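The primary structure of each chain is shown beneath.
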Amino acid sequence: MSERWAVILGVSSGTGAAIARAVARDPGLNIFGVHRGHHPDGAAALEQDVRALGRKVTLHVGDAGVPDGIRQCVAVYREVAGPHSTALMVHSIASASVGHFLSTRGDALHPKQFEKTFNCMAHSFAYWGQALYEGDLLAPSALLLGLTNMLHDSLLHNCGLIAAAKAALQMYVRHLALELGPLGHRVNLLKFGTAVTPALQVMMGPEAMSRLESAHREMIPAGRMVTLEEVAGVVSLLLRPEAAWFNGATIDFSGGMALRLLDVILRPGG
């Protein structure tokens, strides 16, 4: 696997960084990551960790969520890794707008927010699939992997645009699986619940974070939230030959997060 590469979009922190570390360790892929430059310390730590595993690593600052940026990123990647090199592509870009479709609450979504959210969270997955195929960059038996959340199963009042973009992402995954499957490649979508990240902790603050963790302890049968390391470990598993029959699949790694919603709502004293 020494000359096979993972392309990780959104690599400098959170899920993308955890996946990069995991697949550099098992099955031992080199790492080409794209990030916007907002977390330089995290990117530097990731580079150090990957090199310590004896793998090559290039982290490129660019916009992996829009067509022009994708073309630039792919050109850099080709120079680094060469043709037939991509064993794995992970789409971990998170840039979305929250709000409502109607102006009843004063936060109606604007068309520019629709465009940005769909570009980053859905369209760019298809654009990267096109670019890697057209550029002859896919290694034999490559895996293209999208990441999604629980908004397929339960709605959050101000996240309708995100839910719609994730639904589009799911359709891109399924149709690309049809087109790339005959060529020996796989395209899947990994669904998981909320994981604690430094960014989430900063965004929510201690009080809201405590409420969030308490709600997840109640909802999830295991009584806790998933960890980034667990999510990343599943990606390593999906690269094994035993997982080769997954294609066009939405793989539920939610820990049964949606199983008890009615029970939580209707419990005595709830």
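The model shown is predicted, which means the values in this text are computed figures rather than measured ones. (Residues numbered from 1 in each chain as written. Predicted model: local features only at pLDDT ≥ 70, side-chain atom pairs only at ≥ 80, totals over all residues. Heavy atoms only, no water.)

Asker: Explain helix H2 (residues 40-52) here, please?
Answerer: Every α-helix carries 3.6 residues per turn, so stepping three or four residues along brings you back to the same face. For H2, built from 13 residues, the straight-helix expectation of 18 Å at 1.5 Å per residue is met to within 8% by its first-to-last C-alpha distance of 18 Å. Buried within H2 we find Ala43, Leu46 and Val50. Taken down its axis, H2 places every buried residue within 60 degrees of arc, on the same side. Counted as exposed and oriented over 90 degrees from the buried face of H2: Pro40, Asp41, Gln48 and Ala52. (Helix = DSSP H or I, 4+ residues; strand = E, 2+ residues; numbered from the N terminus. Expected span 1.5 Å × (residues − 1). Buried < 20%, exposed > 50% of the residue type's maximum accessible area, 1.4 Å probe, protein only. Arc of directions from axis to C-beta.)

Asker: What is the right way to look at the layout of surface pockets in this model?
Answerer: Here the idea is plain: a probe the size of a water molecule rolls over the atoms and shows the empty space left. Taken as a whole, the second largest pocket spans an internal volume of roughly 210 Å³. Lining the second largest pocket we find Ala126, Gly129, Gln130, Tyr133, Glu134, Tyr172, His175, Leu176, Glu179, Leu180 and Leu183. Those elements that provide at least two residues to the lining of the second largest pocket are helix H4 (111-134) and helix H5 (160-180). The class makeup of the residues in the lining of the second largest pocket is 6 nonpolar, 3 polar and 2 charged. (1 Å grid on protein atoms, 1.4 Å probe; cavity = no way out; pocket = protein on both sides within 12 Å on 5 of 7 lines; lining within 4 Å. Points joined across faces, edges and corners; volume = space filled by probe spheres on them. Nonpolar A, V, L, I, M, F, W, Y, C, P; charged D, E, K, R; others polar.)

Asker: Would you mind going over the environment of proline 241 with me for this structure?
Answerer: Within the fold, proline 241 resides in the loop between helix H7 (228-238) and strand S7 (250-252). Exposure remark for proline 241: the relative accessible area of 70% places this residue in the exposed category. Between the alpha carbons of proline 241 and serine 141 there is a distance of 9.5 Å; along the sequence they are 100 residues apart.

Asker: So what exactly am I meant to see when it comes to the packing of helix H1 (residues 14-25) against H2 here?
Answerer: Axis angle and axis distance: for two packed helices, these are the angle between their axes and the distance between the axes, and together they describe the pair. Across the interface, H1 lies against H2 with an axial gap of 9 Å and an inter-helix angle of 10 degrees. The pairing of H1 with H2 is recorded here as roughly parallel in orientation. Of the residues in H2, those in contact with Ala17, Ala20, Arg21 and Ala24 of H1 are Ala45, Leu46, Asp49 and Val50. (Axes fitted to C-alpha atoms, helices over the stretch in contact; angles between N-to-C directions. Parallel < 35°, antiparallel > 145°, perpendicular 65-115°, else oblique. Contact = heavy atoms within 4.5 Å.)

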